Amino acid sequence: MDQYAQPHIIPFPKKMSFKDNETVNISEFSVKCSEKKFKDMYERPLRLLERQKAKKLFLVNNDRIIEEGYKLNISSEKITVEASSEKGFFYCLQTLLQLKNGDKIPVTDIDDYPSLKMRGIHLNFDNVRNMGYREAHNLILMLAKFKINTILIEYGDRFPYKKHPLVVSSNTLSKAEIRKLISLARENYIEVIPLLQSFGHLDYVLDVHKYQYLNEGEKEGGRQLCPSNLDSLKLFVELAEEIIEIHPDIRYFHIGGDETRYLGYCPVCKERAKSIGKGGLYIEHINKVCRWIKKQGLIPILWDDMLCTFPETVQKLEKGSIIMYWDYWATEDSTPLLLARSYETNRGVVYDRRWQNEWAKEITGLEKENTLKFGRFMNLEKELEPEYKSKFLPYLGDKFPKYIKAFPYLKFYKDSGFEVIGAPLLDHLFADTYDWKWLLSVQRPVRNIFAFTKRCIEEGALGIVGTSWRNYPVEVIYHGIITTAQFSWAGG
Ligand SMILES: [Zn+2]
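Below you will find a few notes about this structure.

Calculation rules
Residues numbered from 1 in each chain as written. Predicted model: local features only at pLDDT ≥ 70, side-chain atom pairs only at ≥ 80, totals over all residues. Heavy atoms only, no water. Phe/Tyr/Trp six-rings, centres within 6.5 Å; stacked < 30°, edge-to-face > 60°. Buried < 20%, exposed > 50% of the residue type's maximum accessible area, 1.4 Å probe, protein only. Lys NZ or Arg CZ within 6 Å of the ring centre and 35° of its normal. Donors = N, O, S within 2.8 Å, 3.2 Å for Na, K, Ca; no water. Tetrahedral: all angles 85-135°; square planar, octahedral: opposite > 155°, others 65-115°. Axes fitted to C-alpha atoms, helices over the stretch in contact; angles between N-to-C directions. Helix = DSSP H or I, 4+ residues; strand = E, 2+ residues; numbered from the N terminus. Parallel < 35°, antiparallel > 145°, perpendicular 65-115°, else oblique. Left-handed = near helix turned anticlockwise from the far one by under 90°. Contact = heavy atoms within 4.5 Å. Nonpolar A, V, L, I, M, F, W, Y, C, P; charged D, E, K, R; others polar. Pairing = 2+ DSSP bridges. Right-handed = clockwise from strand over helix to strand, strands pointing away. Core = buried A, V, L, I, M, F, W, Y, C linked by side-chain atoms within 4.5 Å. Expected span 1.5 Å × (residues − 1).

### Points about the packing of aromatic side chains
By the definition in use, this model includes 30 aromatic pairs. Where Phe 159 meets Tyr 161, the ring centres are 4.8 Å apart and the plane angle is 50°; that geometry is what we call tilted. This pair shows no difference in class: Phe 159 is buried, exactly as Tyr 161 is. Feature note: the residues Tyr 325, Tyr 388, Phe 392, Tyr 395, Phe 407, Tyr 409, Phe 412, Tyr 413 and Phe 452 constitute an aromatic cluster, connected by ring pairs. Residue placement shows Lys 147 over the ring face of Trp 489; its charged tip is 5.5 Å from the ring centre. Note that Arg 341 overlies the ring of Trp 326, its terminal NZ or CZ placed 4.5 Å from the centroid.

### Some remarks on the coordination of the zinc ion
Donor atoms from the polypeptide that bind the zinc ion are Glu 216 (OE), Cys 226 (SG), Cys 266 (SG) and Cys 269 (SG), placed at 2.1 to 2.3 Å. In this structure, the zinc ion is coordinated by four donor atoms arranged in tetrahedral fashion, with angles at the metal of 94 to 118°. All donors of the zinc ion belong to a single chain; written as a sequence motif, their spacing is E-x9-C-x39-C-x2-C. With relative accessibility at 17%, the residue Cys 266 sits in the buried group.

### Points about the packing of helix H3 (residues 133-145) against helix H16 (residues 478-490)
Packing of H3 against H16 brings their axes to within 10 Å, and their N-to-C directions diverge by 30°. When the axis of H3 is compared with that of H16, the two are roughly parallel. As for how H3 packs across H16, the hand of that crossing is right-handed. Together, Leu 139, Met 142 and Leu 143 of H3 and Tyr 478, Ile 481 and Ile 482 of H16 make up the contact between the two elements. Grouping the constituent residues of the contact of H3 with H16 by class yields six nonpolar, no polar and no charged.

### Structural notes on the pairing of strand E11 (residues 299-303)
Each regular strand displays side chains that alternate between the two surfaces of the sheet. Burial analysis of E11 places four of its five residues in the buried class, the great majority of the element. For strand E10 (residues 252-254) and E11, the ladder comprises three bridges, and the chain directions are parallel. Looking across to E11, one finds that Tyr 252 is bridged to Ile 299. Considered for its hand, the β-α-β crossover made up of E10, helix H7 (residues 267-295) and E11 is right-handed. One ladder, built from three bridges, connects E11 with strand E12 (residues 322-326); its direction is parallel. Bridge assignment links Leu 302 to a residue of E12, and that residue is Ile 323.

### Side note on the nonpolar core
Core analysis: the biggest nonpolar cluster contains 163 residues, and Tyr 42, Leu 72, Phe 236, Phe 253 and Leu 338 have the highest contact counts within it. At eight residues, the largest contribution of residues to this core is made by helix H6 (residues 230-246). When neighbours within four sequence positions are excluded, Tyr 42 is seen to be in contact with Val 31, Leu 57, Leu 59, Val 81, Phe 89, Cys 92, Leu 93 and Leu 96. If you look at the next biggest cluster of nonpolar residues, it comprises five residues, including Cys 226, Cys 269, Ala 273 and Leu 281.

### Re H3
For H3, spanning 13 residues, the distance from its first C-alpha to its last is 19 Å, which sits close to the expected 18 Å at 1.5 Å a residue. Taken as a whole, H3 has its buried residues at Tyr 133, Ala 136, His 137, Leu 139, Ile 140, Met 142, Leu 143 and Ala 144. Buried residues in H3 make contact with helix H2 (86-99), strand E7 (118-124), strand E8 (150-154), helix H4 (175-187) and H16. Among the residues trailing H3, Lys 147 stands out with phi positive, at a value near 65°.

### What to know about the environment of Lys 53
Structurally, the position occupied by Lys 53 is in the loop between helix H1 (36-46) and strand E3 (55-61). The spatial distance from the C-alpha of Lys 53 to the C-alpha of His 8 is 28 Å, given a sequence separation of 45 residues. Excluding its chain neighbours within four sequence positions, the residues that come into contact with Lys 53 are Ser 27, Glu 28, Phe 29 and Ser 30.

Right, here's the structure in full:
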């Protein structure tokens, strides 16, 4: 007897019902649709190329269905797919391919649509040196299968710059490879967002002798462009122009902008910082970059951490920019961990000192390990600066200082008039010690992605992009990708 085990679809459809063990044979169907492109989309993957069958798979346009949503009804006599866009038909096909067991497909009724508009993955060629063209190609096909619709591509020194060949690494991708990846993404309804750092994290550029005069600060630590030197913007523009040229269809451009730790280092910047502050140096340069991006007809995206460090800069940020907010630590809705950034003390994640003694027994497992491993304890009520509290206290939830409402800056950025994208962690950022528990355990990234996605949905964020930062075999992020796909599509 041919038993049909109940199928599991990832991401889970919003509504799905099955009839007990009832199946149809897909080979008895042929595709019926007046629009050739949709017909082609279905025939080959489902192997329905022999045209004249008694039973029909109907592809029906239904404008009442939201852009990426679809309805799928399978009965013994007919299959009906309804959608209002190519993407909707494509995602229904992905569901059908997961339902298909040999020739059999279960009798089912599905009504499905995503919870977040942008469901993305960071393709980091810069840090993940293991990832070449072939790995990226496979990854894109995998993303499509799980209804991921965005990739954030960070090339670093692996983009074949023509005007600045000295910054190009020996294991660069070729232009032909990049074009093939872009067109594969397009065929799979995946939007590409290129990322080029415009301020810090430019070691591969600023280590080259020719550009060292633009380096702000000292030799050790991350290199950074001097925002007071006019050549800095010029260099960014020349690099960005080559990236934009090879990506003709893009809407967004990510300008990085994180961890600029050397603000006000050179004599010129130091002097200017006296009047406009370090935050002023930061936002002035970032806004020049954003305005140039906007002039190219693109929407700038930037990392949030420096805006959060200098909250007064958020109001000054070029309107229409999108803030990509990263937090790799929170794993629950309500958490002891607070990401309270401070430039002068290089402060990141903190928690109230009472977790060390008075409340110690109240946290266990992952939350305890996370808090103690990554946080620094302090007296949150007394030691957080008045400026921090005046801006952010309303966003930290009513259990502060014991528990913090996770990802509090989502609402702060939204209230400041910006679209936000959440950026959780796909891999295991702090696994440098080869500690298998942090490298191979999936619990922390899964909880971080889950908690972040949930809050992004609650606060009406544009979406999430799962990020990866470590040079492990790229398969290490597979579980994080599936988790991102699951929660960003299906919700909680
Ligand atoms: Zn400078």
